Amino acid sequence: PYFRCFKPNETPMKIDFIHKIQHIGIPAHDLEVSIPFYERLGFENVMESTFEFDGGFGTCVMMKNHEVIVELYQMPEKQLAEIKKRSNGHVDHFAIDVTDVDHAFETLKKAGFEILEETPTFLQFWKNGTRFFNVKGPNGEIIEFNQIL
(Lines give C-alpha, C1' and ligand atoms only; values in the text may rest on other atoms or scores of the structure.)
Protein backbone atom coordinates (compact mmCIF):
# COMPACT_ATOMS: atom_id res chain seq x y z
CA PRO A 1 0.00 0.00 0.00
CA TYR A 2 0.98 3.61 -0.44
CA PHE A 3 -0.11 6.84 1.16
CA ARG A 4 -2.28 9.23 -0.78
CA CYS A 5 -1.38 12.91 -0.71
CA PHE A 6 -4.91 13.97 -1.57
CA LYS A 7 -8.30 13.49 0.05
CA PRO A 8 -10.54 10.53 -0.79
CA ASN A 9 -12.71 11.27 -3.84
CA GLU A 10 -10.25 14.01 -4.88
CA THR A 11 -8.55 13.73 -8.26
CA PRO A 12 -4.77 14.28 -8.23
CA MET A 13 -3.70 17.56 -9.88
CA LYS A 14 -1.85 17.54 -13.16
CA ILE A 15 1.29 19.56 -12.40
CA ASP A 16 3.21 20.36 -15.57
CA PHE A 17 5.68 22.95 -14.33
CA ILE A 18 7.98 20.73 -12.23
CA HIS A 19 11.06 19.73 -14.23
CA LYS A 20 13.91 18.98 -11.83
CA ILE A 21 15.29 19.67 -8.38
CA GLN A 22 17.11 22.97 -8.66
CA HIS A 23 19.13 22.98 -5.42
CA ILE A 24 19.32 21.73 -1.85
CA GLY A 25 19.50 24.46 0.81
CA ILE A 26 21.74 24.00 3.85
CA PRO A 27 22.11 26.63 6.58
CA ALA A 28 25.84 26.97 7.24
CA HIS A 29 27.29 27.64 10.68
CA ASP A 30 30.45 29.11 9.14
CA LEU A 31 30.90 29.62 5.40
CA GLU A 32 34.68 29.73 5.84
CA VAL A 33 34.46 26.07 6.89
CA SER A 34 31.57 24.96 4.65
CA ILE A 35 32.89 26.30 1.33
CA PRO A 36 36.26 24.46 1.53
CA PHE A 37 34.43 21.27 2.60
CA TYR A 38 32.29 21.29 -0.55
CA GLU A 39 35.27 22.34 -2.70
CA ARG A 40 37.05 19.17 -1.52
CA LEU A 41 34.03 17.24 -2.87
CA GLY A 42 34.55 18.84 -6.28
CA PHE A 43 32.03 21.68 -5.95
CA GLU A 44 32.78 25.16 -7.28
CA ASN A 45 31.47 28.46 -5.90
CA VAL A 46 29.38 29.71 -8.85
CA MET A 47 27.45 32.50 -7.11
CA GLU A 48 27.78 34.50 -3.91
CA SER A 49 25.48 37.24 -2.66
CA THR A 50 24.44 38.96 0.53
CA PHE A 51 20.80 39.24 1.60
CA GLU A 52 18.87 41.19 4.21
CA PHE A 53 16.80 39.28 6.78
CA ASP A 54 15.04 40.63 9.85
CA GLY A 55 17.32 43.66 10.20
CA GLY A 56 20.58 41.77 9.63
CA PHE A 57 22.61 40.58 6.67
CA GLY A 58 23.49 37.05 5.65
CA THR A 59 25.43 35.48 2.82
CA CYS A 60 24.31 32.91 0.26
CA VAL A 61 26.72 30.79 -1.80
CA MET A 62 25.74 28.37 -4.58
CA MET A 63 28.18 25.45 -4.89
CA LYS A 64 27.94 23.43 -8.11
CA ASN A 65 29.35 20.09 -9.24
CA HIS A 66 28.03 19.10 -12.69
CA GLU A 67 24.23 19.37 -12.35
CA VAL A 68 24.14 19.27 -8.52
CA ILE A 69 23.76 22.61 -6.73
CA VAL A 70 24.05 23.00 -2.97
CA GLU A 71 22.96 26.35 -1.55
CA LEU A 72 24.97 27.24 1.55
CA TYR A 73 23.63 30.22 3.41
CA GLN A 74 24.76 31.83 6.60
CA MET A 75 21.99 33.71 8.37
CA PRO A 76 22.49 36.93 10.34
CA GLU A 77 23.88 36.42 13.85
CA LYS A 78 20.44 36.54 15.50
CA GLN A 79 19.19 33.49 13.56
CA LEU A 80 22.58 31.77 13.43
CA ALA A 81 22.47 31.00 17.16
CA GLU A 82 19.27 28.94 16.72
CA ILE A 83 20.66 27.13 13.68
CA LYS A 84 23.81 26.15 15.58
CA LYS A 85 21.65 24.54 18.30
CA ARG A 86 19.91 22.15 15.88
CA SER A 87 20.73 18.49 16.44
CA ASN A 88 19.08 17.37 13.20
CA GLY A 89 17.15 18.83 10.28
CA HIS A 90 20.09 20.62 8.71
CA VAL A 91 18.78 20.32 5.17
CA ASP A 92 16.39 23.24 5.29
CA HIS A 93 14.61 22.95 1.94
CA PHE A 94 14.80 21.66 -1.58
CA ALA A 95 14.07 23.82 -4.60
CA ILE A 96 12.24 22.84 -7.75
CA ASP A 97 13.18 24.62 -10.96
CA VAL A 98 10.21 26.24 -12.71
CA THR A 99 10.05 28.24 -15.94
CA ASP A 100 7.12 30.45 -14.87
CA VAL A 101 7.04 31.17 -11.13
CA ASP A 102 3.83 33.21 -11.39
CA HIS A 103 1.97 30.32 -13.05
CA ALA A 104 3.25 27.89 -10.43
CA PHE A 105 2.27 30.28 -7.61
CA GLU A 106 -1.27 30.82 -8.89
CA THR A 107 -1.82 27.12 -9.62
CA LEU A 108 -0.73 26.01 -6.14
CA LYS A 109 -2.55 28.89 -4.43
CA LYS A 110 -5.83 27.96 -6.17
CA ALA A 111 -5.28 24.33 -5.17
CA GLY A 112 -5.08 25.29 -1.50
CA PHE A 113 -1.42 24.58 -0.78
CA GLU A 114 0.10 26.38 2.23
CA ILE A 115 2.24 29.03 0.55
CA LEU A 116 4.53 30.91 2.92
CA GLU A 117 4.84 34.16 0.93
CA GLU A 118 2.13 36.59 -0.23
CA THR A 119 3.76 36.78 -3.68
CA PRO A 120 6.91 35.37 -5.30
CA THR A 121 10.03 37.01 -3.84
CA PHE A 122 12.87 38.50 -5.90
CA LEU A 123 16.51 38.13 -4.87
CA GLN A 124 19.51 39.45 -6.79
CA PHE A 125 21.06 36.00 -7.11
CA TRP A 126 22.66 34.65 -10.27
CA LYS A 127 23.19 37.01 -13.21
CA ASN A 128 19.68 38.47 -13.55
CA GLY A 129 18.10 37.54 -10.24
CA THR A 130 15.69 34.85 -9.16
CA ARG A 131 12.04 34.74 -8.07
CA PHE A 132 10.71 32.09 -5.72
CA PHE A 133 8.07 31.09 -3.21
CA ASN A 134 7.86 28.31 -0.63
CA VAL A 135 5.21 25.69 0.13
CA LYS A 136 5.04 23.96 3.50
CA GLY A 137 4.68 20.18 3.27
CA PRO A 138 2.69 17.96 5.63
CA ASN A 139 5.78 17.14 7.73
CA GLY A 140 7.00 20.72 8.02
CA GLU A 141 9.34 20.37 5.04
CA ILE A 142 9.78 23.39 2.80
CA ILE A 143 9.56 23.04 -1.00
CA GLU A 144 10.84 26.09 -2.87
CA PHE A 145 9.60 26.81 -6.39
CA ASN A 146 12.33 28.87 -8.05
CA GLN A 147 12.73 30.59 -11.42
CA ILE A 148 16.20 31.84 -12.32
CA LEU A 149 15.71 34.95 -14.44
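Look up: the structure comes first, before these words.
Residues numbered from 1 in each chain as written. Predicted model: local features only at pLDDT ≥ 70, side-chain atom pairs only at ≥ 80, totals over all residues. Heavy atoms only, no water.

Draft legend 1. Broad picture of helix 2 (residues 77-85). Every buried residue of helix 2 is accounted for by Gln79, Leu80 and Ile83. Projected onto a plane normal to the axis of helix 2, the buried residues spread over an arc of 105° and lie on a single side. Summarising the geometry of helix 2, the exposed residues directed more than 90 degrees from the buried face are Glu77, Lys78 and Lys85. Here the buried face of helix 2 lies against strand 1 (20-27), strand 2 (44-53) and strand 4 (68-74). (Buried < 20%, exposed > 50% of the residue type's maximum accessible area, 1.4 Å probe, protein only. Helix = DSSP H or I, 4+ residues; strand = E, 2+ residues; numbered from the N terminus. Arc of directions from axis to C-beta. Contact = heavy atoms within 4.5 Å.)

Draft legend 2. Broad picture of helix 3 (residues 101-110). Within helix 3, the full set of buried residues consists of Val101, Ala104, Phe105 and Leu108. End-on view of helix 3: buried residues confined to an arc of 100°, all on one side of the axis. Two or three places before aspartate 102, at the opening of helix 3, aspartate 100 has a side-chain oxygen 3.2 Å from that residue's backbone nitrogen. Following helix 3 by one or two positions, glycine 112 has its phi on the positive side, about 90°. (Polar contact = N/O pair within 3.5 Å; in protein donor to acceptor, adjacent residues only side chain to side chain.)

Draft legend 3. Looking closely at the sheet that holds strand 1. Strand order in the open sheet made by the 8 strands is 2-3-4-1-5-8-7-6, with mixed pairing throughout. What marks the edges here is a single partner per strand, and that holds for strand 2 and strand 6 (121-123). In this sheet, adjacent strand axes meet at a mean angle of 30° when their direction is disregarded. Inspection of the sheet shows strand 1 paired to strand 4 by 4 bridges, in the parallel sense. If you follow isoleucine 24 over to strand 4, its bridge partner there is valine 70. (Pairing = 2+ DSSP bridges. Axes fitted to C-alpha atoms, helices over the stretch in contact; angles between N-to-C directions.)

Draft legend 4. Highlighting the pattern of salt bridges. Summed over the entire model, instances satisfying the criterion amount to 2 salt bridges. Salt-bridge contacts for lysine 78 lead to aspartate 54; the nearest nitrogen and oxygen are separated by 2.9 Å. You can see lysine 78 sitting in helix 2 and its partner aspartate 54 sitting in the loop between strand 2 and strand 3 (56-65), a full 24 residues away along the chain. A relative accessible area of 62% means that lysine 78 is categorised as exposed. A residue is classified by how much of its surface remains accessible, and aspartate 54, at 48% relative accessible area, is partly exposed. The partner of aspartate 102 in a salt bridge is arginine 131, and the shortest N-O contact between them spans 2.9 Å. Note that aspartate 102 is positioned in helix 3 and arginine 131 in strand 7 (residues 130-136), a separation of 29 residues in sequence. Its relative accessible area of 36% is what places aspartate 102 among the partly exposed residues. (Salt bridge = Lys/Arg side-chain N within 4 Å of Asp/Glu carboxyl O.)

Draft legend 5. Structural view of the packing of aromatic side chains. Within the structure shown, the criterion is met by 5 aromatic pairs. Relative to tyrosine 38, the ring of phenylalanine 37 has its centre 5.1 Å away and its plane inclined at 80°; by these criteria the two rings are edge-to-face. By relative accessible area, phenylalanine 37 is classed as partly exposed at 44%. By relative accessible area, tyrosine 38 is classed as buried at 15%. Their ring planes at 85° and their centres at 5.6 Å tell us that tyrosine 38 and phenylalanine 43 sit as a pair that is edge-to-face. Taken together through their ring pairs, the aromatic side chains of Phe17, Phe105, Phe133 and Phe145 make up a single cluster. (Phe/Tyr/Trp six-rings, centres within 6.5 Å; stacked < 30°, edge-to-face > 60°.)

Interpretation note: all reported values are geometric properties and have no functional meaning in isolation.
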